[in-house]
Amino acid sequence: MSRKIKINYPKILETALKGIRRTVVFMGLGLNAAYNPEFKNYSLTDIAPIQLISDKVDEKTIANFKENFAIWIVGCGFRELIETFSVFLDQVFDASLHIAVSTQSVKPEEPENLYKKFTFKGIKDKLKDLEKYFGIKSSYSDHLISIQQARNCLTHRQGRVERIDCNNGEALIIKWKGIDYIASTKSGETKKFNVPLKEPLYFKEEGFIGIKFVERKSSFKLGTIIKIPPKDLAEICFFILIVSKEIVKYAQDYAIHQKAIKPEVVDNNV
């Protein structure tokens, strides 16, 4: 006979959301410093005996420091984003295993071994296991895998695309879903815009404003450096938020279907 257990899904989701917030804030701090032409203080300490780099370098060298710093910051941000998302998947898997044991779908001696193996897998295989065992999935697995591939390139190869990174011929393509803001009229006149508006939009007739979830892609050829503008980075972080909520929704559906829990349910409205 199954026993009732309680799983705090909002707390599990918070693991992913915290990683997203940290990524946004830390990349913001780092890239704002990298792109600020007035910020040139690269000295780690003013203690003379442990100075490893001269405190008197020319402007060209400082510009090179900052260009590479921006790439490093994005790499750190992607690592935070992906690694925290991976821990979030671990927690979803662990909670679902508890349900499976409770309903006798999994033998009591199996969960520890299954969970241990799961934690050592990459995003691609974790998503496969979640769907295989519990029907928990994402509509955007390919997008997530491409972001992880970018993370690997940024972390291990300083952002320079090598053949191991390529997922489309001789290029690395990163995919995510972004949002377009659109103003339209009844007759079909359409304009895209960014918010906040910097200038008014003028139409000859009444219309409406809406948003559209659209495919985004960035392609980086073999041998080039991954450089992603701040707007795209913000969209990628928002995309991970959408995916995290989608996965929790599937996890909740699995739990409720098994009739084994008293769920603390996540509001999936963004």
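Residues numbered from 1 in each chain as written. Predicted model: local features only at pLDDT ≥ 70, side-chain atom pairs only at ≥ 80, totals over all residues. Heavy atoms only, no water.

> Sorry if this is basic, but what is going on with the layout of surface pockets here?
Summary: where empty space remains is shown by rolling a probe the size of a single water molecule over the atoms. Of the pockets and cavities examined, the second largest pocket occupies roughly 290 Å³. If you trace the second largest pocket, you find 14 residues lining it, with Ile179, Tyr181, Arg216, Lys231 and Glu235 closest to the centre. Only strand S1 (171-185), strand S2 (190-193) and helix H6 (230-258) provide two or more residues apiece to the lining of the second largest pocket. In terms of residue count, the dominant contributor to the lining of the second largest pocket is S1 (5 residues). Considering only residue class, the lining of the second largest pocket consists of 6 nonpolar, 2 polar and 6 charged. (1 Å grid on protein atoms, 1.4 Å probe; cavity = no way out; pocket = protein on both sides within 12 Å on 5 of 7 lines; lining within 4 Å. Points joined across faces, edges and corners; volume = space filled by probe spheres on them. Helix = DSSP H or I, 4+ residues; strand = E, 2+ residues; numbered from the N terminus. Nonpolar A, V, L, I, M, F, W, Y, C, P; charged D, E, K, R; others polar.)

> How should the pattern of salt bridges be read in this particular structure?
Side chains that differ in sign of charge can pair as their charged atoms come close. This structure, assessed with the given rule, holds 14 salt bridges. A salt bridge links Asp129 to Lys121; the nearest nitrogen and oxygen atoms lie 2.6 Å apart. For Lys121, a relative accessible area of 31% corresponds to the partly exposed category. With its nearest N and O atoms 3.5 Å apart, the salt bridge here joins Lys231 to Glu235. Of the two residues, Lys231 and Glu235 both sit in helix H6, 4 residues apart, roughly one turn of that helix. Its relative accessible area of 44% is what places Lys231 among the partly exposed residues. Beyond isolated ion pairs, a larger network of salt bridges with shared partners links Asp180, Arg216, Lys231 and Glu235. (Salt bridge = Lys/Arg side-chain N within 4 Å of Asp/Glu carboxyl O. Buried < 20%, exposed > 50% of the residue type's maximum accessible area, 1.4 Å probe, protein only.)

> How do you make sense of the packing of aromatic side chains when you look at a structure like this?
Aromatic rings considered in pairs are described by the distance between their centres and by the relative angle of their planes. By the definition in use, this model includes 10 aromatic pairs. Ring geometry for Phe93 versus Tyr133: centroids 6.1 Å apart, planes at 75°, classification edge-to-face. Remark: Tyr133 occurs in helix H4 (residues 123-134) and Phe93 occurs in helix H2 (residues 59-102); sequence separation between them is 40 residues. Taken together, a centroid distance of 5.5 Å and an interplanar angle of 65° make the contact between Phe93 and Phe134 edge-to-face. Note that Phe93 is positioned in helix H2 and Phe134 in helix H4, a separation of 41 residues in sequence. Each member of the pair, Phe93 as well as Phe134, carries the same accessibility label: buried. Among the aromatic residues, those joined into a cluster by ring pairs are Phe93, Phe118, Tyr133, Phe134 and Tyr254. (Phe/Tyr/Trp six-rings, centres within 6.5 Å; stacked < 30°, edge-to-face > 60°.)

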